[in-house]
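# Examining the three-dimensional arrangement
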Amino acid sequence: MTAAAVPTGEGFESAITSTGHADTTATSLRLPGIATAAVCSIGAGAIHAAATGIHAEHPQLARIFVVVAVLQLGAGLLALVRPNRLAALAVAVVNVAAVAGWLATRISGVSFIDGLQAAESPQFADTTCALLGAVAAGAGLAALLAGWHQAQAPRLWLPSLAVVALTVPAMMSGGTHLHAGGTHDAATAGAAHDDHGTAAAAGDGGGDGASGVEATGNTVHGHDTDAAATGDTVHGHDDDDATTASAVWPRPWDPTRPIDLTGVPGVTADQEARALDLVEQTLVDLPRYADTAAAIADGYVSIGDAGTGSEHYIKYSIIQDDVMLDSSAPESLVYNVDGDTRTLAGAMFIASARPTDDPSLTDWAGPLMQWHNHGDLCWDRNGQGVASVVGVVDATGKCARGVNTGGANPMVHVWITPHECGVFAALEGTGAGQAAVPEDQRVDKCGDGHAGHGSAPAAAPVAKPYDPTQPIDLSGTPGVTPEQQAAAENLVAVTVVRLPQWSDYRVAEAAGFQSIGDALTGHEHFINWDWVNDDTILDPDQPESLVYQPMPDGSKQLVSAMYMLPDTVALTDVPDIGGALMQWHIHDNLCFTQGATPKLAGLVNGQGNCRAGLAKFVPSPMIHVWITSHRCGPFAALEGVGAGQVADGEEHLCDHAHGSGF
């Protein structure tokens, strides 16, 4: 054997031609596959090194990541520099151990390592790291078993490019995932700050005041030990603020004040730090969507709930991904509605499908956060094909229109505008959704006398007059359950938003509505007779009747929908949607002309019959929903003859609590 063929252990051997260039056709004794094992081990080590920082809140876990990264990088470099059987053994052993540890964390968790107690779902970064480790282990073991063979110098460019193509995206995405052990990378939005005191942004705090942060000065996150009037908006722990010692939760939230999440029983330092970081980052990142046009351009679409006073824009494409609580890419944006004006109020982070009490959610911020879902909403596609909320399920859990879906995805709010119930507060009414704990244990609501919230028992709700230009609030009626109130409010809100598509009576006529000729009464009813006995009820896109008010100039103002049930439904069998807030009625004393376009032409006589030539139709139970203020509330019947007849034993309802003028 010539000297050139003897493995020296000093690197890859190559024969040098007389021209000074490497002769790629020359051979020497080599360990097949060791170069690939080395490159893959280095890639896996780089991913582990990049992920070390996001595990800093768990020192034990962070140190393990450092050790694994050093071992994988070291073994890989050793195999490149000294490609011998000892190096192949090192690569195989190190990466077998790394892959075994990864499998344990995905199958059952590791109970004795802080941060790995709960099993986690595979994500891109850790899966890529494990894949590279497995290849490194396999190739290293193959090289060890195969032993020395005569071979050409390996061509590393192809495996190196493949490893780089996997490693770089994995290193970048590794910091954006939520882990069951509680890791969250504050750098996901590119902000250069730590949890306790680095300047995160300069300039304004979010245009048009949408974020609730002052529009001048600098936005600073961290401890403020000398909150002098410098023109800066400060977020973090204010050591001079006497209010931060309070253990009451939830606390009123004001984004222009220092963030105070301290002193809440059961919250660990890690959980508090993660929650603080999320709030800080949301204040920085969210104002980019202050204009709804920016949100729409980025793929967000409205779910059509503006009538509730809060309009949600959702980016459906990112709901089921593995990324959660990323302030640079929230699944939903929440805007306050004032007429045609939309003011960005907060983010609604939505998790992929899982229970609301999943440890990956409840362990993240502990008692500071209450995840909830919305399992009672009915969804359908609007005229543009976009999924929109069209109602809530009835007492039997069924939708009058659309399908009941979306309840599998837990969600939580982070507000960038003031909120009396805290920075993570849920909406009220239907918007509060359903949580895994009883209502009196929820920590995302306030003012209800909930035990442990530190709040005084709530006073009886004060009823507000019905004003369709404001958020719908039908509270304050005795005997009405929260579910009935929510259903009634939702019906009104959806009607207020959708019914104006029929504002022009000529559009209604083109769709098949016909006037019954009662304009002289002060209200003119247009009925679509083909829709009365169909399977659609309480749908502003397909109402059975529209009510217009004739105006002095000859125009007609749309004021109400009159929803009608099929004439096969008895008044005693109407659905109980809003409890004492709603009262169905019938008209069994009206006489109509006969023919293709029936007109109201009189009333029955004392024997209950119509005069010759007229007909009394089979009565359908009906109810009004007013999109203009009414002195007897949003579900008021007309007065006089227009009031119709109610069920035996009932009196005509005039909702004085929500009527205008009382």
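My aim in this report is to walk through the structure given alongside it, one point at a time. (Residues numbered from 1 in each chain as written. Predicted model: local features only at pLDDT ≥ 70, side-chain atom pairs only at ≥ 80, totals over all residues. Heavy atoms only, no water.)

The next subject is the overall build of the protein chain. Helix and strand counts for the protein chain stand at eleven helices and 25 strands. Burial status across the protein chain gives 49% buried among its 662 residues. Of the contacts made within the protein chain by residues no fewer than 6 positions apart, 63% connect residues no fewer than 24 positions apart. Carbon and sulfur atoms make up 58% of the accessible area of the protein chain, which totals about 29400 Å². (Helix = DSSP H or I, 4+ residues; strand = E, 2+ residues; numbered from the N terminus. Buried < 20%, exposed > 50% of the residue type's maximum accessible area, 1.4 Å probe, protein only. Contact = heavy atoms within 4.5 Å. Areas by Shrake-Rupley, 256 points an atom, 1.4 Å probe, with all protein chains shown as cover.)

Pairing analysis gives five bridges linking strand β13 (residues 377-381) to strand β14 (residues 387-392), with the strands arranged antiparallel. Across the sheet, residue D380 finds its bridge partner in β14, namely S388. Connecting β13 to the antiparallel partner β14 that follows it, the hairpin turn spans five residues, and G385 within it adopts a positive phi of roughly 80°. Judged from the two bridges that link them, β13 and strand β15 (residues 403-404) form a sheet pairing that is antiparallel. Following the sheet pairing, W379 is matched in β15 by V403. (Pairing = 2+ DSSP bridges.)

Here the focus is the state of the cysteines. Throughout the structure, instances matching the rule amount to two disulfides. Bridging C591 to C610, the disulfide has an S-S length of 2.0 Å. Taking the sign of the S-S torsion, -95° for the link of C591 and C610, the bridge is left-handed. On the criterion of sequence distance, the pair formed by C591 in strand β22 (residues 590-593) and C610 in the loop between β23 (600-603) and β24 (614-615) is long-range, its members being 19 residues apart. Residue C591 shares its accessibility class with C610, and that shared class is buried. Each sulfur in the disulfide pair C632 and C654 lies 1.9 Å from the other. Taking the torsion about the sulfur-sulfur bond, which here is approximately -85°, the covalent link between C632 and C654 counts as left-handed. Residue C632 is found in the segment after β25 (622-626), and its partner C654 is found in the segment after β25; the two are separated by 22 residues along the sequence. Its relative accessible area of 10% is what places C632 among the buried residues. (Disulfide = S-S within 2.5 Å.)

The next subject is the pairing of strand β10 (residues 332-338). Burial analysis of β10 places five of its seven residues in the buried class, the great majority of the element. Between β10 and strand β11 (residues 341-350), which pair antiparallel in sequence order, lie two residues; one of them, G339, sits at a positive phi of approximately 65°.

Counting 102 residues, the largest nonpolar core has F424 and F635 as the members making the most contacts within it. Other than its neighbours up to four places away in sequence, F424 contacts W249, L261, A275, V279, L368, M369, V412, H413, V414, W415 and D444. In terms of nonpolar packing, the next biggest core, distinct from the first, is built from 22 residues, A37, C40, L132 and A139 among them. (Core = buried A, V, L, I, M, F, W, Y, C linked by side-chain atoms within 4.5 Å.)

Packed helices, taken two at a time, are described by the angle their axes make and the gap between the axes. The geometry of helix α3 (residues 85-107) relative to helix α4 (residues 124-146) is characterised by a closest axis approach of 7 Å and an angle of 145° between their N-to-C directions. The two elements α3 and α4 cross, and the hand of that crossing is left-handed. Of the residues in α4, those touching α3 at R85, A88, L89, V91, A92, N95, V96, V99, W102 and R106 are D126, T127, A130, G133, A134, A136, A137, G140, L141, A143 and L144. Across the contact of α3 with α4, the residue classes tally to 14 nonpolar, four polar and three charged. (Axes fitted to C-alpha atoms, helices over the stretch in contact; angles between N-to-C directions. Left-handed = near helix turned anticlockwise from the far one by under 90°. Nonpolar A, V, L, I, M, F, W, Y, C, P; charged D, E, K, R; others polar.)

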